[in-house]
Amino acid sequence: MFALITDNLPIMLQGAGMTILVSGVAIVLGMPFGLLLCFGVTSSRTWLRRSSRIYQSVWRGTPILVQLLIIYYLLPLIGINVVPVLAAILALTLNTIAFQADIFRGGLQAIPPGQMEAARMVGIRKWAARRHIIVPQIFRLVIPSLVNETISILKNSSLVSVIAVTELMRVSQQIVAATYRPFEIYITAALIYIIINLCLSFAGRVAEQRMAGRA
Amino acid sequence: MATENTTPVIKIRNVTKEFGSFTALSGITLDINPSEVVCIIGPSGSGKSTLLRCMSFLEEYTSGEIEIEGRLLGYKKTAAGMVRDSERNIDDVRRNVGMVFQHFNLWPHMTTLDNVTLGLRLSKRIPDAKARDIGRDALARVGLGDFAGRYPAQLSGGQQQRVGIARALAMGPHVILFDEPTSALDPQLVGEVLDTMKKLAVAGITMVVVTHEMGFAAQVADRVVFMDRGRVVEQGKPSALFTEPQSARLREFLDTWRQRNNLFQTDQARLAAVGDRRTTEA
């Protein structure tokens, strides 16, 4: 049994690497767009607010698996041929943008409007104030929720196995198909997921404490 | 006091402000002249803070005109009437207007010095080293020269408000608007903020102060404006206004204030009496 696991561990870790890559890129790419969407959702311009909300409803109201398959099969139809891993990253990014926008909105609403007024009264333009005053404070407030979202995307990234991206789940399935030892392999996969997520929680707590120490 | 032919720093003509069906300001006309200290007093809901926020265009006024040093604030005149001005022009018109807020509105993730210098760096594009010099200077003027590296949460309320004043001062404004600067402070911290403001008044900075501190208004103001229900009811030198109020409403307002003050003094007298008895018993 140990031989089975140790023999397959290197290739599973490679798969884990792909899992981290796909979800990591999605989370990081999702942040700037999530922030933009957050400002869209809270905008005073009706058309911008409405279209931002529609985007959110669509991506929060449909299963990731459906989103993934639509993007994977839609892109070639409109003449864009991408490798599966890019389609996977695109789907997860577009999905996490909708959720991150809501997380950031929570943070934004916790910041008193007076912060922006004070910035405007020393001549700082709205976007500069957002960058230097509002966004840094949002991040301090939403670190725990952002860690949750990262964990959630990391777990959901197992779904991209259906479009033949060789991440941890896909690799595990392939090993099981060859060895007929589902129990050992899937337990190992689960352990790898847990270890990655525990590291994420830990990093989140360290980041939180560092920022809390300053004010 | 200003002479006849000086341009007012702020010129307010027939300004109204409506929030839906509620009229917060109905036809305010007021001039703020260079080096003048004007205190605006009045009961809660009289529109004094709204007027101050209109002067800085944090609140859009509904009709009338406000000019800052001769330039129309917030709107531009077109053939079709008044239309809202661009943010860039609004910034430009009010670039010499500073503001101090009731709740300080310091940026909690930045040091005191960064709070004071951010506007210099971002809007006036002053290089870091020079901005820091100006910032340290401003902090020294409010007696916080040694607190440049502190974060707002590490300061008392009075100190935070003085940083708020320094932040306005650093921009080199021609007029500073104070929106109830001591209302959010514990009573024992009010004095240090008022003292700081007195120094600025003596230095000749034009100030408009919305306040409930009658003592400050009586001592420091060149002119006191009494507002009630969205109108300027009465204005004049504090000596005249406080001793010979012309309107019934101001008389009533001052009476209420004196009663409250008397109550406080009686309380103190009673406490003192209790204290005396205790000492005699011991």
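One structure accompanies this document, and this report is about it. (Residues numbered from 1 in each chain as written. Chains lettered and ligands numbered in written order. Predicted model: local features only at pLDDT ≥ 70, side-chain atom pairs only at ≥ 80, totals over all residues. Heavy atoms only, no water.)

### So, the packing of helix α3 (residues 112–122) of chain B against helix α5 (residues 157–170) of chain B
All names here are of chain B. Selection rule: Convention adopted: a line fitted to C-alpha atoms gives each axis, helices being fitted over their contacting stretch, and angles between N-to-C directions are expressed from 0 to 180 degrees. Strands are runs of DSSP state E lasting at least two residues, helices are runs of H or I lasting at least four, and both sets are numbered from the N terminus onward. Convention used here: angles under 35 degrees read as roughly parallel, angles over 145 as roughly antiparallel, angles from 65 to 115 as roughly perpendicular, and any remaining angle as oblique. In a left-handed crossing the near helix is turned counterclockwise from the far helix by less than a right angle, and in a right-handed crossing that turn is clockwise. Residues count as neighbours in contact if any of their non-hydrogen atoms are within 4.5 Å of one another. Residue type decides the class: Asp, Glu, Lys and Arg count as charged, Ala, Val, Leu, Ile, Met, Phe, Trp, Tyr, Cys and Pro as nonpolar, and the leftover types, Gly among them, as polar.
Two elements in contact, α3 and α5, have axes whose closest approach is 8 Å; the angle formed by their N-to-C orientations is 25 degrees. Classified by the angle their axes make, α3 and α5 are roughly parallel. Read as a crossing pair, α3 and α5 show a hand that is right-handed. In this structure, α3 uses T112, N115, V116 and L120 to contact α5, whose residues at the interface are V163, A166, R167 and A170. Here the contact of α3 with α5 is built from residues that sort into five nonpolar, two polar and one charged.

### With respect to the packing of aromatic side chains
Put simply, the test is: Aromatic contacts are taken between Phe, Tyr and Trp rings whose centres are within 6.5 Å, Trp giving its six-membered ring; a plane angle under 30 degrees counts as stacked, one over 60 as edge-to-face, and the others as tilted. For each residue, the accessible area found with a 1.4 Å probe, counting protein chains only, is set against the maximum for its type, and the residue is called buried under 20%, exposed over 50%, and partly exposed in between. As a reminder, the over-ring test applies to NZ of lysine and CZ of arginine, requiring each to be within 6 Å of the ring centre and within 35 degrees of the ring normal.
In total, this model carries eight aromatic pairs over all chains according to the counting rule given. Here Y61(B) and Y75(B) contribute two aromatic rings whose centre-to-centre distance is 5.1 Å and whose plane-to-plane angle is 75 degrees, an arrangement assigned as edge-to-face. In this pair, Y61(B) is assigned in the loop between α1 (48–55) and β4 (63–68) and Y75(B) in strand β6 (residues 75–78), connecting sequence segments 14 residues apart. Each member of the pair Y61(B) and Y75(B) is classed as buried. Members of the aromatic cluster, joined through ring pairs, are F57(B), Y61(B) and Y75(B). Note that R130(A) overlies the ring of F39(A), its terminal NZ or CZ placed 4.0 Å from the centroid. The side chain of K17(B) reaches across the aromatic face of F19(B), ending 4.7 Å from its centre.

### Regarding the pattern of salt bridges
Worth spelling out the cut-off: The rule for a salt bridge is simple: a side-chain nitrogen of Lys or Arg has to be within 4 Å of a carboxyl oxygen of Asp or Glu.
Counted according to the given criterion, the structure contains 23 salt bridges over all chains. The partner of R13(B) in a salt bridge is D31(B), and the shortest N-O contact between them spans 3.0 Å. With R13(B) in strand β1 (residues 10–19) and D31(B) in strand β2 (residues 22–32), this pair connects stretches of sequence that are 18 residues apart. In this structure R13(B) comes out as partly exposed when scored by relative accessible area, which is 30%. Classification of D31(B) as partly exposed rests on a relative accessible area of 23%. In this structure, the salt-bridge partner of E192(B) is R162(B), at a minimum N-O distance of 2.3 Å. In this pair, E192(B) is assigned in helix α6 (residues 187–202) and R162(B) in helix α5, connecting sequence segments 30 residues apart. Each of R120(A), R125(A), E60(B), R84(B), E87(B), D91(B) and R94(B) takes part in one network of salt bridges that share partners.

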